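A structural walkthrough
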Amino acid sequence: MSPRSCKIVIAASGSVAAMKIPILIKSLLEPSDKRNYVFEVHLVVTEHAKHFFKMTDLPTDVKVYDDALEWQAWQQRGDPVLHVELGKLADMMVVAPLDANTLAKMAQGLCDNLLTCTTRAWDMNKPLIFCTAMNTRMWEHPVTAQHIATLKQWGYIEIPPIAKTLICGDVGVGGMADVQTIMDNIVKIADQKFNRVVLLLAATGSIAAIKIPLLLKTLLDQPICATNYKFEVYLIATKAAKRFFKIEDVPPEVHVYDDEIASQFWHRPGDRILHVELAEMADMLLIAPLNANTMSKIAQGMSDNLVTITIRCWPLNKPVVFCPGMNPNMWAHPITAQHLATLKKWGFIEIPPIRKKLLCGSYGVGGMAKPDTIVKFIIEFANTEGLV
């Protein structure tokens, strides 16, 4: 599987520090065995930025956009609007260098070129990094601090300028941060999204739910050297599942949701819908344990609690792994085979139950697979199926 792509818009304004743009982009595109993703770079340039480097110095696979291209892309109603499309496709934006003039425009909400239109239409839920670069006297002007404070208030991330002998000959603060510093900040933010697997664990009312804390601890205790990524885990539990374990035994870094919490999310049109957000956010769904009742509900498309409604709206192009846990007589019932066939037809992946003496005293097939077996499967699946 191809590695995931972190799409980054680099926006260069008219500072002499723009001469470092080819070096920054080449550094981003350099392969690294420490990352399970690659950067896809889209470069937005102002007319003044283009004075400081040659387009021929850029890697050939970098897409470059300027003011002229924005107007070429739009001819009539219904055509794509470039500055809007860039905001949709990108995971992150880095304005480097950010000169004094463009800093003022951004802080005042102006949008008179492709760069400022893109920042003005930027999704505020996505990271935006800015790297100021200007003459020392411009940096020391009182309005600069006001503009930077405005950007930081919006959640934008500053990589401050450094003190150095500027190319103009002046000595002082104002030089754009060095390329490695900018790289380190970009990678740190990208790692939070791309060097992780977001796992949604759904627990139903089987006595095997007593193993939920152990399962979570086993998963989260995996050394980073063994996986080269981190798990971020969200737990949704039915009311019946919560009878078998204590929430305080769940590792504190796990986000826990239930029907009661879900009911607090939505009150009027426009409010968040928890089951939709969970299904969109997670990379993988693990249902463990899956009891006979919930298996039946899923197979019939029912959605009467947070677990079943989340499964009902789960995108079928993302993996679902399920671990049955039930009494041997329930497992042997003919309807179970029908339900299993339905789930597998949809692409759901089964980790079969095991034969053992169950906690109810019965002996036979029906016990949920052991936590270490489940964790081993999840890690191998994440590695081989391109989740990271």
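Residues numbered from 1 in each chain as written. Predicted model: local features only at pLDDT ≥ 70, side-chain atom pairs only at ≥ 80, totals over all residues. Heavy atoms only, no water.

The name recorded for the protein in an unreviewed UniProt entry is Flavoprotein domain-containing protein, from Arctia plantaginis. What UniProt states about the protein under its Sequence similarities (unreviewed entry) heading is, verbatim, "Belongs to the HFCD (homooligomeric flavin containing Cys decarboxylase) superfamily." (UniProt positions renumbered as here; feature names shortened; annotations may be inferred.)

Structural notes on the overall build of the protein
Counting secondary structure elements, the protein contains 17 helices and 16 strands. Principal-axis analysis of the C-alpha atoms places the extent of the protein at approximately 85 × 45 × 40 Å. Residues classed as buried in the protein amount to 49% of the 388 residues present. For the protein, the share of sequence-separated contacts (at least 6 apart) that also reach a separation of at least 24 residues comes to 73%. Just so you have it, the protein exposes about 19,300 Å², and 54% of that area is on carbon and sulfur atoms. Across the protein, the 39 positively charged side chains and the 38 negatively charged ones have centroids separated by 7 Å. (Helix = DSSP H or I, 4+ residues; strand = E, 2+ residues; numbered from the N terminus. Buried < 20%, exposed > 50% of the residue type's maximum accessible area, 1.4 Å probe, protein only. Contact = heavy atoms within 4.5 Å. Areas by Shrake-Rupley, 256 points an atom, 1.4 Å probe, with all protein chains shown as cover. Lys, Arg positive; Asp, Glu negative; His and termini not counted. Charge placed at Lys NZ, Arg CZ, Asp CG, Glu CD.)

What about the packing of aromatic side chains?
Per the stated rule, a full pass over the model turns up five aromatic pairs. With a centroid separation of 5.5 Å and 90° between ring planes, the pair formed by Tyr37 and Phe39 is classed as edge-to-face. Residue Tyr37 is classed as buried on the basis of its relative accessible area of 2%. When its relative accessible area of 6% is taken as the criterion, Phe39 is described as buried. Ring geometry for Tyr234 versus Tyr257: centroids 6.4 Å apart, planes at 5°, classification stacked. Separated by 23 residues along the polypeptide, Tyr234 in strand β10 (residues 230-237) and Tyr257 in strand β11 (residues 255-257) bring together distant segments of the chain. We classify Tyr257 as buried; its relative accessible area is 17%. Its end group placed over the ring of Trp122, Lys126 keeps NZ or CZ at 5.8 Å from the ring centre. (Phe/Tyr/Trp six-rings, centres within 6.5 Å; stacked < 30°, edge-to-face > 60°. Lys NZ or Arg CZ within 6 Å of the ring centre and 35° of its normal.)

Quick look at the environment of Ala121
Residue position: Ala121 is located in the loop between α5 (114-120) and β5 (128-132). Counting along the chain gives 34 residues from Ala121 to Gly87, while the straight-line C-alpha distance between them is 6.9 Å.

Some details on the UniProt feature "domain: Flavoprotein" (unreviewed entry) in the protein
If you check UniProt for "domain: Flavoprotein" (unreviewed entry), the listed places come out as residues 7-187 and 199-380 in our numbering. Between the C-alpha atoms that bound residues 7-187 there is a distance of 12 Å. The span itself is 36% helix and 23% strand.

Details of the sheet that holds strand β1 (residues 4-12)
Hydrogen bonds between backbone groups are what pair the strands of a sheet, and the pairing can be parallel or antiparallel. Spatial ordering of the open sheet is given by β3-β2-β1-β4-β5-β6, a layout of six strands whose pairing is parallel. Both edges of this open sheet fall to β3 (63-65) and β6 (157-158), since each of them pairs with a single strand only. Note: β1 against strand β2 (residues 37-45), nine bridges, orientation parallel. For Ala11, the partnering residue across the bridge sits in β2 and is Val44. In this fold helix α1 (residues 21-29) packs onto β1, β2 and β4 (92-98), with an angle of close to 160° to the strand it touches most, β2. (Pairing = 2+ DSSP bridges. Axes fitted to C-alpha atoms, helices over the stretch in contact; angles between N-to-C directions.)

A look at the packing of helix α4 (residues 100-108) against helix α7 (residues 142-153)
Contact pair α4 / α7: the axes reach a minimum separation of 9 Å and the direction vectors enclose 50°. Classified by the angle their axes make, α4 and α7 are oblique. The way α4 lies across α7 gives a crossing that is left-handed. Where α4 approaches α7, its residues Leu103, Ala104, Met106, Ala107 and Gln108 are matched on the opposing element by Thr144, His147, Ile148, Thr150 and Leu151. Looking at the contact of α4 with α7, its residues break down into six nonpolar, four polar and no charged. (Parallel < 35°, antiparallel > 145°, perpendicular 65-115°, else oblique. Left-handed = near helix turned anticlockwise from the far one by under 90°. Nonpolar A, V, L, I, M, F, W, Y, C, P; charged D, E, K, R; others polar.)

Some words on the state of the cysteines
Going through the model one piece at a time under the given rule, you end up with zero disulfides. Cys6 carries a free sulfur, and the closest cysteine sulfur to it, the one in Cys131, is 15 Å from it. In this structure Cys6 comes out as buried when scored by relative accessible area, which is 1%. (Disulfide = S-S within 2.5 Å.)

Things to note about the pairing of strand β9 (residues 196-203)
With seven of eight residues buried, β9 is to be regarded as a mostly interior element. Across eight bridges, the pairing between β9 and β10 is parallel. Within β10, the position partnered with Ala203 by the bridge is Ala237. Note that β9 and strand β12 (residues 284-290) share four bridges and pair parallel. Note on β12: the bridge partner recorded for Leu201 is Leu286.

Remarks on the sheet that holds strand β14 (residues 349-350)
Ordered by their spatial adjacency, six strands build an open sheet running β11-β10-β9-β12-β13-β14, and the pairing between neighbours is parallel. Edge positions in the open sheet fall to β11 and β14, since each of these has one partner strand only. Those strands touched by helix α9 (residues 212-220) are β9, β10 and β12, and its axis lies near 165° from that of β10. Sheet contacts for helix α17 (residues 371-384): β9, β10, β12, β13 (320-324) and β14; angle to β12, the most-contacted strand, approximately 165°.

What about the pattern of salt bridges?
This structure, assessed with the given rule, holds 10 salt bridges. The salt bridge partner of Glu47 is Lys50, with a shortest N-O separation of 3.2 Å. The partner of Glu158 in a salt bridge is Lys152, and the shortest N-O contact between them spans 3.3 Å. Among the residues examined, Glu158 registers a relative accessible area of 18% and is labelled buried. With relative accessibility at 45%, the residue Lys152 sits in the partly exposed group. In the salt-bridge network here, residues are joined through shared partners; they are Glu47, Lys50 and Asp66. (Salt bridge = Lys/Arg side-chain N within 4 Å of Asp/Glu carboxyl O.)

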